[in-house]
Structures are given as structure tokens and as C-alpha cells.
Amino acid sequence: MDEEGSLSLIVFSGTDDKLTSAAILAIGAAAMGRKVNLFLQYWGLDAFRTDRITSSHGAAPEAGATGTKLIAEHTAKAHWSEMLRQAKDIGTVKIAACAKSMELFQIGKDDLDPLVDEVEGVATFIADATGPITFI
Amino acid sequence: MDEEGSLSLIVFSGTDDKLTSAAILAIGAAAMGRKVNLFLQYWGLDAFRTDRITSSHGAAPEAGATGTKLIAEHTAKAHWSEMLRQAKDIGTVKIAACAKSMELFQIGKDDLDPLVDEVEGVATFIADATGPITFI
Amino acid sequence: MDEEGSLSLIVFSGTDDKLTSAAILAIGAAAMGRKVNLFLQYWGLDAFRTDRITSSHGAAPEAGATGTKLIAEHTAKAHWSEMLRQAKDIGTVKIAACAKSMELFQIGKDDLDPLVDEVEGVATFIADATGPITFI
């Protein structure tokens, strides 16, 4: 088990479709016994602010109006933040905020949803990456 | 050969430039003797519908008008679906549709181009991932 | 050291936020003793042209007007091209341009910033990938 190493997800994008995709991957990898490390950067980090985590975050540009509506309806029923809570229940899932992105947005740990376990630098994230590094 | 493991590509994006990039990677990895597993999600899956696979799917937003035109011309000459067929001829390349995304779009296997081998869940995709997991 | 293999970054996107994220990753991996190979494709390659490398390249669509302004200010203070130069000083970092993308844009090695070490095909890039392959 965990022979293939951890799954390291860089969550850069902040749209609901990509955040849901990240959560699905985290659940799948946790279910297969792999350690999962999420590293929140830029718009992905911005989406985890307590005051906006459940707000609508739109979809990738190619979704168009119909696709964006579909994602909004789906997100309302099964929110990616709930899926990440499930992933944490299933396996070993750590969610860290990128220290440099925190500085960029001038926010602190208290501004983020309790799903976020800690603030860390990129070197620590890389040091923990014993398997794929997937940028979303 | 294949010491570095399989190459697992999550094809999330549905624009012609990113789909072509995925096809180039699949060909390169197949040529190097690596097993390739594609997992079609969201707009990437949508692009594989039989009724629209050869339609124009645009380009990433930063392409602008000039770049989008360039991609359209290039895609007309060398379509990513043809490149994926070549990749399958060269090596072991499986194309699976994400079961959850099929549900989201309320489509069945019959709605998809024959390039798609099967419908599978994320746990199966992760279980087969013995190397990089690349999100496009 | 370097037990987890090299870090292979496909730099497809050409916005300043994603290019900065690629540079941060390169620095982090180089600092941890991992070999880093960047492969410039499409809009990522376009951003390395000598005549526009320091021009503004915008941000991901979800940045909005406020986010785009923030990225522009940050990029002016700490440019990703400078960060990539630092990464090269810290460790073993190779930057290659994708031969197919060069053809697409009809440009030559002389059109690119000296940061770019060479032009290579995808098979060579894959052959050198002994660890994660991360698409940005």
C-alpha cells in the first residue's frame, strides 16, 4: 500500500469545476490508501477564505453559459468543501496554504476555512512529494 | 522499459490546444514504451461526444484572436483525435471516461467516440496510476 | 537525494500567475536537490520570446480585474524570469522549447530569451522524466 507514493495536488485554480475535480481525486487517492497533500495557491487559496468558500466560484471559460449553470447546480448539491471533509475521513489528507500566496493576498491562517491544516512553504511541499505532483 | 511507471493523464480541459497537447504527450509516452491512461472529465469528456468531436473547441483564453485562429488552422490539419488514434497504434493507450462526469452530463457510452474504451471510476484510474498523474 | 526522480514541468500556459507558479515550483524542487526539466509549449513558449518576456501576460480568467492588477504589481517586483534564473543558480534546471510548438509559431531558437537552453521533442522530454510530470 502506498507503493506509488503520495499524491501531491497543487490547487492553483479557483473555479468550482476544478475544485470539484481536485476533491474527487483526493477522495479516490485516499480510498486507495495513498497519502494526499493539497497545496493551495493563488485563486485556489482564495476560494478557501471563510467568507467566500460556499459562494459561487464559476467554471472554466470553455464551460459557456450552459456549462457554468450545470456546475453551479451540481456544486450546490455536492460541494467540493464537503467532499474534501469526506476525503479527510477516509484517509490521510493534509491541506496546506502556500506561504507566498498568503503574503500576496495579505491574509492570515484565521481568514481560511478550518479545512486548511497549516501554512507551509514550497520546499516543505516538495519534500513531502514522494509520488505524482498534479497541478490543477 | 516502463521503469518510471505509467503516464496517467486527466483530460479536464476541452479546448483544442490543450487536447492537442494531451495527444502529443500520449504519443511521446507511448513511443517511449510507457503505458498511457487517459481519464476524460468535464469539458475534456464533452469534447469526445460523437456529435461534436471534430467541431471547433477554441483555445485557452490567453490565445487571443490570433492564437485561436492559429490553433483552429492547425487542428484542421492535424486533429488531436487522429493523433490519439496514432498513439493507440504505437503503444498501450487506454482512454476512459470518468463515471461521475458522465452522470453530470447525463450521457452514456454510446454518445462518445469509439476512441473511448470504457467508463470507469476515479478509484480504478488511481489504482492503475504507477507513475505521474498529469492534469490537463 | 533525488530519490523521487526529476520534476518535469510542462509550461503550457502563458499568464504571469501560472508562470510565477512554475518558477516557484522550480526553485522549490531545485532547493530540495531534484533535477528540474521545463518544457515550453504553446502560450508558455510564446511568453519566452525575447521581444515580450517582460511584457505583461495577464492572469487566469478567475483573477478578475482586482486579481489581475495584483498579479501585474507582484510580477513587476519579482519577475518569474528572474526567479527561473535563481532556480538555475540553485540547482540543475534545464529549460527546453517544444519543437512542435516552435514550428506552430514559426520561430527559431534566436527568437527566445537566453534562459531557454535548447529545442527538443516530446520523446526526449519524456525519456528524461524520472519523476512527476506536471502540466501548468
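## Some thoughts on the sheet that holds strand 3 (residues 93-98) of chain C
Residues and elements named next belong to chain C.
- Spatially, 4-3-2-1-5 is the arrangement adopted by the five strands of the open sheet, whose pairing is parallel. Of all strands in the sheet, those with a lone pairing partner are strand 4 (118-120) and strand 5 (133-135), marking the two edges. Each strand axis lies, on average, 30° off the axis of its neighbour in the sheet, ignoring direction.

## What about the interface of chain B and chain A?
- Opposite the 23 residues of chain B that make contact, chain A presents 25 residues.
- Looking at the side of chain B facing chain A, the largest losses of area belong to Trp-43, Ile-126 and Phe-135 of chain B, adding up to 30% of the total buried there.
- In this assembly, chain B and chain A are joined by five residue pairs in polar contact (both at pLDDT 80 or more).
- Mapped by element, the contributors of at least two residues to the side of chain B that touches chain A are helix 2 (42-46), helix 5 (99-105), helix 6 (122-127) and strand 5 (133-135) of chain B.
- It is helix 6 of chain B that provides the largest number of residues to the side of chain B that touches chain A, a total of four residues.

## Some words on the interface of chain B and chain C
- Taken together, the contacts link 25 residues of chain B with 23 residues of chain C.
- Here chain B and chain C share an interface that buries about 2000 Å² over both sides, 74% of which is from carbon and sulfur atoms.
- Inspection of the chain B/chain C interface yields zero salt bridges.
- On the surface where chain B and chain C come into contact, there are five residue pairs in polar contact (both at pLDDT 80 or more).
- Secondary-structure elements contributing two or more residues to the side of chain B that touches chain C are helix 1 (16-31), helix 3 (64-77) and strand 5 of chain B.

## What to know about the relation of the copies chain B and chain C
- For these two chains of identical sequence, chain B goes onto chain C by a turn of 120° and a shift of 0.0 Å along the axis, with RMSD 0.0 Å. Considering both components of the superposition, the chain copies are consistent with a three-fold axis. In terms of C-alpha distance to the rotation axis, chain B has Pro-132 of chain B as its closest residue, with the C-alpha 2.8 Å off the axis.
- Interface residue correspondence from chain B to chain C reaches only 20%, placing this contact among heterologous pairings that use different surfaces.

Rules used in this analysis
Once a new chain begins, its residue numbering starts again from 1 and follows that chain's sequence as written. Note on labels: chains are lettered from A, ligands numbered from 1, in written order. Under the rules for a predicted model, residues below a pLDDT of 70 receive no local features and side-chain atom pairs below 80 are neither given nor counted, while totals for whole chains, interfaces and linings still include all residues. Excluding hydrogens and water, the side-chain figures rest on all heavy atoms present in the structure. Two strands make a pair as long as DSSP finds a minimum of two bridges between them. Starting at the N terminus, helices and strands are each numbered in turn, a helix being any DSSP run of H or I of at least four residues and a strand any DSSP run of E of at least two. Think of each axis as a best-fit line through the C-alpha atoms, taken over the contacting stretch in the case of a helix, with angles from 0 to 180 degrees between the N-to-C directions. Residues count as neighbours in contact if any of their non-hydrogen atoms are within 4.5 Å of one another. Buried surface area refers to the total accessible area, computed with a probe of radius 1.4 Å, that the two partners give up upon joining, counted for both partners together. Within 3.5 Å is the distance limit for a polar contact, defined as a pair of N or O atoms, with the added protein rule that one can donate a hydrogen and the other accept it, and that residues adjacent in sequence qualify only through two side-chain atoms. The term salt bridge refers to a pairing of a side-chain nitrogen on Lys or Arg with a carboxyl oxygen on Asp or Glu at a separation within 4 Å. A least-squares fit on C-alpha atoms brings the copies together, and the residues used are those whose pLDDT is at least 70 in both copies.

Shape is all these values report; function is a separate question.
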